[in-house]
Amino acid sequence: MGICQNDKYITDTNGTATFYLPCGDHTIVAKTSDGLYQSAKIKINDESQTVNLEIFRCKVTVNVTDAEGKPIKGATVSSYTSNETYTTNANGVASFYLGNGINSITATYEDKTVTQYIDIMNETEMSVDLKFAGCKVTVTVTNSNGKPMSDVAINNEYFTNSNGVAELYLPNGTHTI
């Protein structure tokens with residue numbers, strides 16, 4: 001049956017919560033203690049209904065390396081949808097769980113940041129390689145009127161922010177952007 005605390009229902013050991021709603025349209029959200037969630041929209045009429053929500057958990061393993069491919073210990077790793085941050089170990093690895101959907105994974109070390117976008121679709125495990133390259137390059141993208149353009153892909157790896165700016169870290173050499 002589950003229990004109710006502060007208008008939130010906690011499932012029993014079988015993962016079940018039973019509660020009553022008035023007739024009409026409702027959104028049911030199931031959320032784990034670590035922030036993963038799934039939702040469903042339902043229409044309640046005069047009969048009982050059962051809603052099954054399955055929360056997918058994907059173990060994301062992030063490998064953070066420098067320009068030569070050596071692991072970086074102590075980098076801070078975060079994701080767009082999580083309020084948590086994680087620190088890479090001596091092997092340059094941090095692992096955590098995320099739910100389905102598009103997400104950005106960001107690693108920060110000293111004054112450098114690198115971000116990669118991922119799309120989780122029911123996978124149970126995913127590996128993400130984030131590499132800090134040698135030189136910081138700042139790219140600003142504007143339209144023909146000089147207005148900044150956000151979410152523009154640079155080299156299919158970096159995206160401009162709301163100010164039209166993307167910061168790239170590239171190894172020494174000649175590059176086409």
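Below is a short write-up of the structure. (Residues numbered from 1 in each chain as written. Predicted model: local features only at pLDDT ≥ 70, side-chain atom pairs only at ≥ 80, totals over all residues. Heavy atoms only, no water.)

**What to know about the overall build of the protein chain**
- Broken down by element type, the protein chain carries zero helices and 15 strands.
- Over its C-alpha trace the protein chain gives a radius of gyration of 22 Å, far above what one expects of a compact globule, namely 16 Å for 177 residues.
- By its C-alpha atoms, the protein chain is 70 × 50 × 25 Å across when sized along the principal axes.
- Taking all 177 residues of the protein chain together, the buried fraction comes to 25%.
- Contacts spanning at least 24 positions in sequence make up 40% of the contacts within the protein chain whose residues lie at least 6 apart.
- When the accessible surface of the protein chain is split by element, carbon and sulfur atoms take 45% of a total near 12,000 Å².
- Averaging the positions of the 12 positive and the 19 negative side-chain charges in the protein chain gives two centres separated by 6 Å. (Helix = DSSP H or I, 4+ residues; strand = E, 2+ residues; numbered from the N terminus. Rg over C-alpha atoms; globule rule 2.2 N^0.38 Å. Buried < 20%, exposed > 50% of the residue type's maximum accessible area, 1.4 Å probe, protein only. Contact = heavy atoms within 4.5 Å. Areas by Shrake-Rupley, 256 points an atom, 1.4 Å probe, with all protein chains shown as cover. Lys, Arg positive; Asp, Glu negative; His and termini not counted. Charge placed at Lys NZ, Arg CZ, Asp CG, Glu CD.)

**Brief notes about the sheet that holds strand β7 (residues 85-87)**
- Ordered in space as β7-β6-β9-β10, the four strands form an open sheet in which the pairing is antiparallel. A single partner strand is all that each edge strand has here, and the edge strands are β7 and β10 (112-120). Between one strand and the next, the sheet's axes are offset by a mean angle of 25 degrees, whatever the strand orientation.
- Here strand β6 (residues 76-79) pairs with strand β9 (residues 101-109) via four bridges, running antiparallel. Paired with Val77 across the bridge in β9 is Ala107. (Pairing = 2+ DSSP bridges. Axes fitted to C-alpha atoms, helices over the stretch in contact; angles between N-to-C directions.)

**Here's the deal with the layout of surface pockets**
- Looking at the largest pocket, its volume works out to about 1,400 Å³.
- The wall of the largest pocket is formed by 33 residues, among which Tyr9, Thr11, Ala17, Phe19 and Ile28 lie closest to the centre.
- Where the lining of the largest pocket is concerned, the elements lending two or more residues are β2 (8-10), β3 (24-31) and β4 (37-44).
- No other element matches the six residues that β3 contributes to the lining of the largest pocket.
- In terms of residue class, the lining of the largest pocket is built from 14 nonpolar, 14 polar and five charged. (1 Å grid on protein atoms, 1.4 Å probe; cavity = no way out; pocket = protein on both sides within 12 Å on 5 of 7 lines; lining within 4 Å. Points joined across faces, edges and corners; volume = space filled by probe spheres on them. Nonpolar A, V, L, I, M, F, W, Y, C, P; charged D, E, K, R; others polar.)

**A look at the pairing of strand β11 (residues 125-131)**
- Going residue by residue along β11, you find Met126, Val128 and Leu130 tucked away on one face and Glu125, Ser127, Asp129 and Lys131 left uncovered on the opposite face.
- Bridging between strand β5 (residues 58-65) and β11 involves seven bridges; their strand directions are parallel. In the sheet register, Lys59 faces β11, and the bridge partner there is Glu125.

**Here we look at the nonpolar core**
- Within the largest apolar cluster, 26 residues are counted, with the highest numbers of intra-cluster contacts made by Val60, Val62, Val64, Val77, Ile105, Ile118 and Leu130.
- Sorting the residues of this core by element identifies β5, β8 (93-98), β9, β10, β11 and β15 (165-170) as the ones contributing at least two each.
- Take this core: its biggest share by element is four residues, from β5.
- Ignoring anything within four residues of it in the chain, the contact list for Val64 reads Lys70, Pro71, Ile72, Ala75, Val77, Thr88, Gly92, Ala107, Leu130 and Phe132. (Core = buried A, V, L, I, M, F, W, Y, C linked by side-chain atoms within 4.5 Å.)

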